[in-house]
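Tertiary structure, described
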Amino acid sequence: MLGETEPEWLSEEVKTGTTIIAIEFNAGVVLGSDSRVSAGASVVNRVMNKLSPLHDKIYCALSGSAADAQTIAEIVNYQLDVHSTEIGEDPQVRSAATLVRNISYKYKEELSAHLIVAGWDRRDGGQVFATLNGLLTRQPFAIGGSGSSYVYGFVDAEYRRGMSKEECQQFVVNTLSLAMNRDGSSGGVAYIVTIDEQGTEEKVILGNDLPTFVDQ
Amino acid sequence: MARPNVLLTPAAGFDFDNAARNVALEGLFEGGQTPKPLKTGTTIAGVVFKDGVVLGADTRATSSEVVADKMCAKIHYIAPNIYCCGAGTAADTEKTTDLVSSNLTIFSLNSDRNPRVVMAVNILQDMLYRYHGKIGASLILGGVDCTGNHLYTVGPYGSVNTMPYLAMGSGDLAALGILEDRFKPDLELEEAKELVRVAIHAGIMSDLGSGNNVDICVITRKGADYIRPFQESEYKDTRKMKYRYRPGTTPVLTEKVVPLELEVVQETVQQMDTA
């Protein structure tokens, strides 16, 4: 008891070791994430929804430090709210991504979070933006988080242009399932958000219902 | 910086003003190691049930390996309908919850409305994030307001989680084991109290930093019921806290009176001004 130090995970920063993915289809976007939040070796929250709304039809996927990512999402949510009131209409996805990028770039030394911004707007339809380390780039799909390393090969091989909404949702679920199986910091359930002109649909896929692959 | 008054809007964005000062302070200590704040091992838990929220905590406060306080109160008052359990550095949890409580009281008086749990969560998250984990407070907030029954946890770095059942502190894994196994949605009051009691008890048994009694706080629409202690420790302390003796307990054997002869040397009169 004397001189015994407490477990490290008590004072370690809470990270969302994560798998996040966003993909664009012809009329919108599909975002997906796992649900594990860890502090060292301890799972702090096994059902956290990492897909955070920035506006009605714009969502962002959180990864990295939980506190940093949550705070950036909240600040940008507020800034977008003000911006959309000022312009009198729904904001563009590029605007949301730019706001996230501005924070990520200005405070890049102090922050440790990567947000993928995706959504639908009237001007350009479905769009996915990556904002890693303060860059801003539009991509057909983006993956992030610690689990993404394990599925780069899969997404590069399996992605095809012109997939339908259902095919995209299946692609996202497959990717998440593969990453969650291989990455220790990803797991739990899968959250899927589909955004198109008609609206936003949120779905949860429980552990048992995730697709299984070889050796399962 | 912590805002003493919630009516002042803090500047937008991140505030890293203290970063340079902290670096300078580190240079003042030998080896660049700033002194580590004392942590108190704890088990705190909360459960949402049908009619409200039940919060529970142990009552041991430790200073390294010595129990500093056997009857420490870890469930703090925030508002009549909101209570907060605190784990981590005792001074930090105490001061942080006091700050939030006074902020919400000012808000209440200003707007003539009852405070909501999300308000407390937002103020806490904002403040803890600004201090980047230097304030070692892990808090479980629970309360009932016009929007329903709420239970949130805020970590020392400013991350927020909301779940129907939560546990924090050094005994959290033990308590979480019980909660994961026995929690069901829409519990009755007695079931919820029993579940929290068992969860805290597991923390007390399995964690060296938690111990002594179990405190419970039940919050419903009607109000809050703070039961302290809910369950007393099996190991009772039979030492008397007060040692008072009746006059005459000690027998007087001899008595000797010596008058002191005093001489008046100087006499001064000072007028008292009663105006």
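Since this is a predicted model, take the numbers as computed values, not measurements. (Residues numbered from 1 in each chain as written. Chains lettered and ligands numbered in written order. Predicted model: local features only at pLDDT ≥ 70, side-chain atom pairs only at ≥ 80, totals over all residues. Heavy atoms only, no water.)

1. Looking at the sheet that holds strand 1 (residues 44–49) of chain B
Residues and elements named next belong to chain B. For clarity, the cut-off: Following DSSP output, two strands are said to pair if at least two bridges run between them. Helix and strand definitions here come from DSSP, where helices need a minimum of 4 consecutive H or I residues and strands a minimum of 2 consecutive E residues; each element is numbered from the N-terminal end. Comment: axis = line fitted to C-alpha atoms, over the contacting stretch for helices; angle = value between 0 and 180 degrees taken between N-to-C directions. The criterion used for residue contact is that any of the two residues' heavy atoms lie within 4.5 Å.
Strand order across the open sheet formed by five strands is 10-1-2-11-12, with antiparallel pairing between neighbours. Each end of this open sheet is capped by a strand with a single partner; those strands are strand 10 (165–168) and strand 12 (223–231). Averaged over neighbouring strand pairs, the angle between their axes works out to 15 degrees when direction is ignored. The pairing of strand 1 with strand 2 (residues 52–58) spans six bridges and is classified as antiparallel. Residue glycine 46 lies in a different strand from strand 2, and its bridge partner there is leucine 55. Packing against the sheet, helix 4 (residues 172–182) makes contact with strand 1 and strand 10, and its axis sits at approximately 165 degrees to strand 10. Of the strands in this sheet, strand 1, strand 2, strand 11 (214–220) and strand 12 touch helix 5 (residues 189–206), which is tilted by about 25 degrees from strand 2.

2. Re unusual backbone geometry
Across residues other than glycine, the phi torsion is negative in most instances, and most of the peptide bonds are trans. Following Arg228(B), the chain continues into Pro229(B) via a peptide bond in cis, with omega recorded as 0 degrees. With respect to the element layout, Pro229(B) can be found in strand 12. Here Asn133(A), not a glycine, exhibits a phi torsion of approximately 60 degrees, which is positive. Within the secondary structure layout, Asn133(A) lies in the loop between strand 9 (125–130) and strand 10 (137–139).

3. Topic: a nonpolar patch on the surface
Residue and element names in this part refer to chain B. Stated formally: Patch construction takes residues with relative accessible area above 30% that form no salt bridge. Like charges are linked within 9 Å, and nonpolar side chains (Val, Leu, Ile, Met, Phe, Trp, Tyr) are linked within 5 Å. In these tables, accessible area is a Shrake-Rupley quantity obtained with a 1.4 Å probe, and a residue counts as shielded only by the protein chains included in the view. Salt bridge criterion: a side-chain nitrogen from Lys or Arg within 4 Å of a carboxyl oxygen from Asp or Glu. Relative accessibility decides the category of a residue: with a 1.4 Å probe and only protein chains considered, values under 20% of the type maximum give buried, values over 50% give exposed, and everything between is partly exposed.
A contiguous nonpolar patch, built from Leu25, Leu28 and Phe29 and spanning about 300 Å² of accessible area, is present on the exposed surface. Within the secondary structure layout, leucine 28 lies in helix 1 (residues 18–28). The exposed category is assigned to leucine 28, whose relative accessible area is 68%.

4. What about the UniProt feature "domain: Proteasome beta subunit C-terminal" (unreviewed entry) in chain B?
Filter applied, for reference: UniProt positions are given in the numbering used here, feature names are shortened, and annotations may be inferred rather than shown by experiment.
According to UniProt, the feature "domain: Proteasome beta subunit C-terminal" (unreviewed entry) maps to residues 238–269 of chain B in the numbering used here. Taken end to end, residues 238–269 of chain B is 0% helix and 0% strand, and its two terminal C-alpha atoms sit 56 Å from one another.

5. Observations concerning the environment of Val154(B)
Residues and elements named next belong to chain B. Here valine 154 is to be found in strand 8 (residues 148–154). Look at valine 154 and you get buried, because its relative accessible area is 0%. Distance from valine 154 to isoleucine 140, taken between C-alpha atoms, is 6.6 Å for residues 14 residues apart in sequence. When sequence neighbours within four positions are dropped, the list of residues in contact with valine 154 reads Val121, Leu124, Gln125, Leu128, Ala137, Ser138, Leu139, Leu141, Ser159, Val160 and Met168.

6. Details of the confidence of the model for chain B
Definition in use: Scored from 0 to 100, pLDDT records how confident the predictor is in each individual residue.
Looking at chain B as a whole, its pLDDT mean stands at 88, while 91% of the residues score no less than 70. In the predicted assembly, ipTM is 0.75 and pTM is 0.76.

7. Notes on the sheet that holds strand 7 (residues 137–145) of chain B
Residue and element names in this part refer to chain B. With antiparallel pairing, five strands are arranged side by side in an open sheet as 5-6-7-8-9. At either margin of the open sheet sits one strand with a lone partner, and together these are strand 5 (75–79) and strand 9 (160–162). Neighbour-to-neighbour, the strand axes of this sheet turn through a mean angle of 25 degrees, independent of strand direction. As judged from the four bridges shared by strand 5 and strand 6 (residues 82–88), these two strands associate in the antiparallel manner. Residue pairing for strand 6: alanine 79 is matched across the bridge by isoleucine 82. Helix-sheet contacts for helix 2 (residues 90–111) involve strand 5, strand 6 and strand 7, and the interaxial angle to strand 5 is about 15 degrees. Along the sheet, helix 3 (residues 117–130) contacts strand 5, strand 6, strand 7, strand 8 and strand 9; its crossing angle with strand 7, the most-contacted strand, is approximately 160 degrees.

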